[in-house]
Amino acid sequence: MFSVRALNAAPRWVRRAVTTVTQGRGPLGALYDRVALRLGDAVPPALPPVDASPVRLVIGPANEAEQGFQWARAVERSLPGVSAVAMMGFDPGGYGVQADLVVPRAVYLRSAPWHDAFEAFLRTRTHVVIESALPLLGRRYRTDVVAEVRALRAAGVQVALLFHGSDLRPPSQHRRELARSPFTNPELPSTILEDKAAFAAAVVAELGGPVFVSTPDLLRYQPDAVWCPVVIDVERWSVPRDDAPPRSGRPVVLHAPSNPLIKGSHLIDPVLRALEGEGLIEYRRVQGLTYAQMRQQYAECDIVLDQFLIGSYGVAACEALAAGCVVVGHVDPNTRRTVHEQTGIEVPIVDATVDTLDSVLRSVIAEPAAVTSERRREAVRFVGEVHDGRRSADALRGFLRL
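Parameters at a glance
Residues numbered from 1 in each chain as written. Predicted model: local features only at pLDDT ≥ 70, side-chain atom pairs only at ≥ 80, totals over all residues. Heavy atoms only, no water. Buried < 20%, exposed > 50% of the residue type's maximum accessible area, 1.4 Å probe, protein only. Helix = DSSP H or I, 4+ residues; strand = E, 2+ residues; numbered from the N terminus. Arc of directions from axis to C-beta. Patch = residues over 30% accessible without salt bridge, like charges linked within 9 Å, V, L, I, M, F, W, Y side chains within 5 Å. Areas by Shrake-Rupley, 256 points an atom, 1.4 Å probe, with all protein chains shown as cover. Salt bridge = Lys/Arg side-chain N within 4 Å of Asp/Glu carboxyl O. Core = buried A, V, L, I, M, F, W, Y, C linked by side-chain atoms within 4.5 Å. Contact = heavy atoms within 4.5 Å. Pairing = 2+ DSSP bridges. Axes fitted to C-alpha atoms, helices over the stretch in contact; angles between N-to-C directions. Polar contact = N/O pair within 3.5 Å; in protein donor to acceptor, adjacent residues only side chain to side chain. Parallel < 35°, antiparallel > 145°, perpendicular 65-115°, else oblique. Nonpolar A, V, L, I, M, F, W, Y, C, P; charged D, E, K, R; others polar.

1. Some details on helix 2 (residues 12–22)
- Every buried residue of helix 2 is listed here: Arg15, Val18 and Val21. The buried residues of helix 2 all sit within an arc of 120° when viewed along its axis, so they share a single face. Those residues of helix 2 that are exposed and angled more than 90 degrees off the buried face are Trp13 and Arg16.
- Phi turns positive one or two residues past the end of helix 2, at Gly24, with a value near 80°.

2. Examining a nonpolar patch on the surface
- A cluster of nonpolar residues, Leu28, Leu31 and Val35, forms a patch on the protein surface that exposes about 290 Å² of accessible area.
- By the element assignment, Val35 lies in helix 3 (residues 26–36).
- On the accessibility criterion, Val35 (52% relative accessible area) is exposed.

3. Description of the nonpolar core
- Counting residues in each nonpolar core, the largest one holds 69 residues, and the members touching the most others are Phe118, Tyr298 and Tyr313.
- The element that contributes the greatest number of residues to this core is helix 15 (residues 315–322), accounting for six residues.
- When residues no more than four places from it in sequence are discounted, the contact partners of Tyr313 are Thr215, Pro216, Trp227, Asp306, Cys318, Val331, Val339, Val347, Ile349, Phe382 and His387.
- One finds Val75, Ala86, Leu396 and Leu400 within the second-largest nonpolar core, a separate group that totals 22 residues.

4. Focus: the pattern of salt bridges
- A full pass over the atoms with the stated rule returns 28 salt bridges.
- Close ionic contact of Asp351 with Arg336 constitutes a salt bridge, the shortest N to O distance being 3.3 Å. In this pair, Asp351 sits in strand 12 (residues 350–351) while Arg336 sits in helix 16 (residues 333–343), placing the two residues 15 residues apart along the sequence.
- Salt bridges here are not isolated pairs; linked through shared partners, they connect Asp116, Glu119, Arg123 and Arg140.

5. Describing the pairing of strand 8 (residues 252–255)
- Neither face of strand 8 is exposed, since Val252 and Leu254 on one face and Val253 and His255 on the opposite face are all buried.
- Sheet topology places strand 8 next to strand 9 (residues 282–285); four bridges connect them, and they run parallel. The partner of Val252 across the bridge, within strand 9, is Glu282.
- Across three bridges, the pairing between strand 8 and strand 10 (residues 303–305) is parallel. Residue pairing in the sheet places His255 in a bridge with Leu305 of strand 10.

6. Brief notes about the sheet that holds strand 5 (residues 158–163)
- Spatial ordering of the open sheet is given by 3-2-1-4-5-6-7, a layout of seven strands whose pairing is parallel. The open sheet has two edge strands with one neighbour each: strand 3 (101–102) and strand 7 (226–227).
- Judged from the two bridges that link them, strand 2 (residues 82–88) and strand 3 form a sheet pairing that is parallel. Bridge assignment links Met87 to a residue of strand 3, and that residue is Leu101.
- Contacting strand 1 (55–60), strand 2, strand 4 (127–131) and strand 5, helix 4 (residues 67–78) crosses the sheet at an angle of about 175° to strand 2.

7. Looking at the sheet that holds strand 10
- One open sheet accounts for five strands, arranged 9-8-10-11-12; its pairing is parallel. Edge positions in the open sheet fall to strand 9 and strand 12, since each of these has one partner strand only.
- Sheet contacts for helix 14 (residues 291–300): strand 8, strand 9 and strand 10; angle to strand 8, the most-contacted strand, approximately 150°.

8. Brief notes about helix 17 (residues 357–365)
- Every buried residue of helix 17 is listed here: Leu357, Val360, Leu361 and Val364. For helix 17, the arc enclosing every buried residue in end-on projection is 95°, short of the 170-degree limit, so these residues lie on one face.
- Buried residues along helix 17 sit in contact with helix 13 (265–277), strand 10, strand 11 (326–329) and strand 12.

9. A closer look at the side chain of Arg139
- Relative to the assigned elements, Arg139 resides in the loop between strand 4 and helix 7 (145–154).
- Of the polar contacts made by the side chain of Arg139, one reaches the side chain of Thr143; its length is 3.5 Å.

10. Focus on the packing of helix 4 against helix 19 (residues 390–400)
- In contact at an axis separation of 9 Å, helix 4 and helix 19 are set at 80° when each is read in the N-to-C sense. Comparing their axes, helix 19 and helix 4 come out roughly perpendicular. Only Arg390, Ser392, Ala393, Leu396 and Leu400 of helix 19 make contact with helix 4, whose side of the interface consists of Trp71, Ala74, Val75 and Ser78.
- Its residues placed into classes, the contact of helix 4 with helix 19 shows six nonpolar, two polar and one charged.

11. A look at unusual backbone geometry
- Look at the link from Gly60 to Pro61: it is a cis peptide, with omega at 5°.
- Inspection of the secondary structure puts Pro61 in the loop between strand 1 and helix 4.
- In this model, Thr143 sits at a positive phi of 60°, which is unusual for a non-glycine residue.
- Secondary-structure assignment places Thr143 in the loop between strand 4 and helix 7.

12. A look at the pairing of strand 4
- Taking burial as the measure, the five residues of strand 4 include five buried ones, the bulk of the element.
- What you see with strand 4 is no split at all: His127, Val129 and Glu131 on one side and Val128 and Ile130 on the other are buried throughout.
- Here four bridges tie strand 1 to strand 4, and the two strands are oriented parallel to one another. Within strand 4, the position partnered with Leu57 by the bridge is His127.
- Direction of pairing for strand 4 relative to strand 5: parallel, over a ladder of five bridges.

In structure tokens form, the structure reads like this:
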């Protein structure tokens, strides 16, 4: 309905007006809902049964990269007396993303009967973690997450906030901190992301209470937050490997960017094509694959290129590390130091910037097999210690009062 590029360049009052409409407010908002969010045949899902666990947690509604689901399973595994439900406020499509409660977008946002039922369910919970400052109840409180949180707290539910990368990261600050920040690229909606980060900071300031972040770099924007590490199913991503050299004689180098402009794909592609042209590597760039397809890609590759502009790492890097791949990307010194201070373990991602990638890859390719094998073992150890869910459950333990 709205061009992202035009909205990004628009005055603030225009962006606010568009936000008002897309949140279903006013006559234009009501029209937008009727056109863009038709309830039609959308079927409200069945609610989970109400259980008698001492601590009953709901996480949602973003479930970004399946993290709500993974955190829910982590606390159930690690913290006795906890049951957890991961709710997702839209259909994940065919990507294989798991959630306990998947709500069609139109139902999530517009269905009053669904809102009645789900709010009643939420009031039976003891704790709620709201992701990305998005309301769990859609339009119920006029898309006002602050009003929703206050209503839940008034009903005796403990509520915390949790944020992912772009939720909190102001592009203006990131540009000041990293010379190669992706937010210098005019193709990115930096103004919109700036508004988003400012909104998240305002919600935190207004609501108070526990705040969690999913990646360690976000602590620089919310220093009082608690890092709740992303979680992966280590066994699910594990790939049997031996110490034999690449079958083709050339290592397979994989790049699977979720957002090429953020990851720096356009800047590293020429380097990879040149190395491939020299016969040093086989380069594969893929996008839009299911989890099962990505696992197969990891099984077939030797080196995975993560991201080169943000300065951190996330779920994709952890999945590749769990698969025993050598992962190359840029993790800035502050992020590496934060991880080491909190875990005592070094991030095993081989550091490279856009400018050093060529020399770093040549060095990695030339390493003896024993060095490569040790890198793989370090990678698997790291995700097994930091990202298997135990540290995430510990991060949430204080909020859950266990």
